Amino acid sequence: MAKLGDLLSIDYENLEYKGLSNAKKQLGVSYLGDINTSSKLVKGLAKNYSTYGVYLLSSDSSGIQVCSDDKQCKEHCLSTSGMAKLELLGGLTKIQNSRMKKTLTYGYNKEFFTRMLVDEIRVKQLEAEVNLSEFCVRVNCSSDIALTSLKIGEKNVLEILPLIKWYDYTKNLAYVKYAKKYPQLHLTFSYSGSNWLRCLEALKMDVNIAVVFDCGSGHKMPKKFCGIDVIDATENDLRFLDPKGVICGLCYKTTAKDIKNHKETIPNTRFIVKKDDPRCEW
Ligand code: SF4
C-alpha cells in the first residue's frame, strides 16, 4: 500500500510533460485511462466498440472536487463498487492510490493531465483500429468534469481530437448547454434525487436522463418513470446509441459502504428510486 508521503512527494504543480511513458513513470501509474477496464465498459464490445475510460477519485475525496451536484450520491458513489469494492473490503488501496494520483494531477496540473490524456487516447485509438473495432472515450467514469476545461494552450480536448466519439454523464446543466456546440460529445444528464426540473430542461434539449433504480436481484426496472419510457441502460454503456427522449435506467450496485454485518443493504437516499416509488409504472 502506497503511503500518503509517496502521493505527496510528487510535485504535481511542477510536473513537466516529456511524453506519455515518462509521465506514467513520474506519477508511478500504469496508465491514466485504459480500454474496457470495467464490467460496464467491456459490454460495448458486443457492439464492436472499444471504450477508453478514466477513473478519478470521485467527489472531493482527494481534496479536489471533481463532481457537481453530488450531495445525494457521493456517499453511495459507484466508484467504490466493482474491483474497487473488493479491494477496499480486502484492506488494499492500490486502485484508490492510483486514482488519487491521477486526480491530484488533474487538480494541480491540468495541462499535464490533458497532454497525457490526449496522447493515451491516440495510442488506444490506434489499438482499436488494429482490432477493427469502433472507438469511444468516457473521461468521467467516476467524476463529472467538463471536457471543455481540459486544454492544451487555447484548445480543449474536443477541439484537439474532434473525430473521437466522446460521451459522458453529467449533472451540470450549464455544461450541457455549452457542450451543444460539440456534436462529437454525447452527454446524458443524471438525476440526483433533487434535480428533476433540470432533468426536464435537459430533455427539452434532446438530452436523455439517467436514473438509478433499486432493481433488486431480479434486475427489474420500471417501464416508465414520470410518464417517460425507461430503457435498460445496463446492457452497455454506449449512451450515444440510445433513442432520444428516454430515461436511461441504471441499477444501483452496492458499494463497500453498503456491507453491514456481512449483508448488502440498499441505502435510503433519494438518488436511488425505490420499487414502491409512485412515479414508476411497471
Ligand atoms: S457525481 Fe457520479 S462520480 Fe461523482 S460522486 Fe456522484 S455518482 Fe459518484
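Above: the structure in question.
Computed from a predicted structure; not experimentally measured. (Residues numbered from 1 in each chain as written. Predicted model: local features only at pLDDT ≥ 70, side-chain atom pairs only at ≥ 80, totals over all residues.)

### Looking at the nonpolar core
- Counting 62 residues, the largest nonpolar core has Leu117, Ile209, Val211, Val212 and Phe213 as its most contacted members.
- A total of six residues in this core trace back to one element, the largest contributor, which is helix H5 (residues 110-130).
- Excluding residues within four positions of it along the chain, valine 211 makes contact with Tyr191, Phe225, Ile247, Gly249, Leu250 and Val273. (Core = buried A, V, L, I, M, F, W, Y, C linked by C-beta atoms within 7 Å. Buried ≥ 20, exposed ≤ 12 C-beta atoms within 10 Å, placed from the backbone. Helix = DSSP H or I, 4+ residues; strand = E, 2+ residues; numbered from the N terminus. Contact = placed C-beta atoms within 7 Å.)

### Examining the environment of glutamate 127
- Here glutamate 127 lies in helix H5.
- Between the C-alpha atom of glutamate 127 and that of serine 50, which follows or precedes it by 77 residues, the distance is 9.3 Å.

### Quick notes on unusual backbone geometry
- For asparagine 36, which is not glycine, the phi dihedral falls at a positive 50 degrees.
- For asparagine 36, the location among the structural elements is in the loop between strand S1 (33-35) and strand S2 (49-54).
- By the C-beta count within 10 Å, which is 19 here, asparagine 36 ends up partly exposed.
- Its identity is not glycine, yet asparagine 48 carries a phi of approximately 65 degrees, on the positive side.
- For asparagine 48, the position within the fold is in the loop between S1 and S2.
- With 11 C-beta atoms counted inside 10 Å, the residue asparagine 48 sits in the exposed group.

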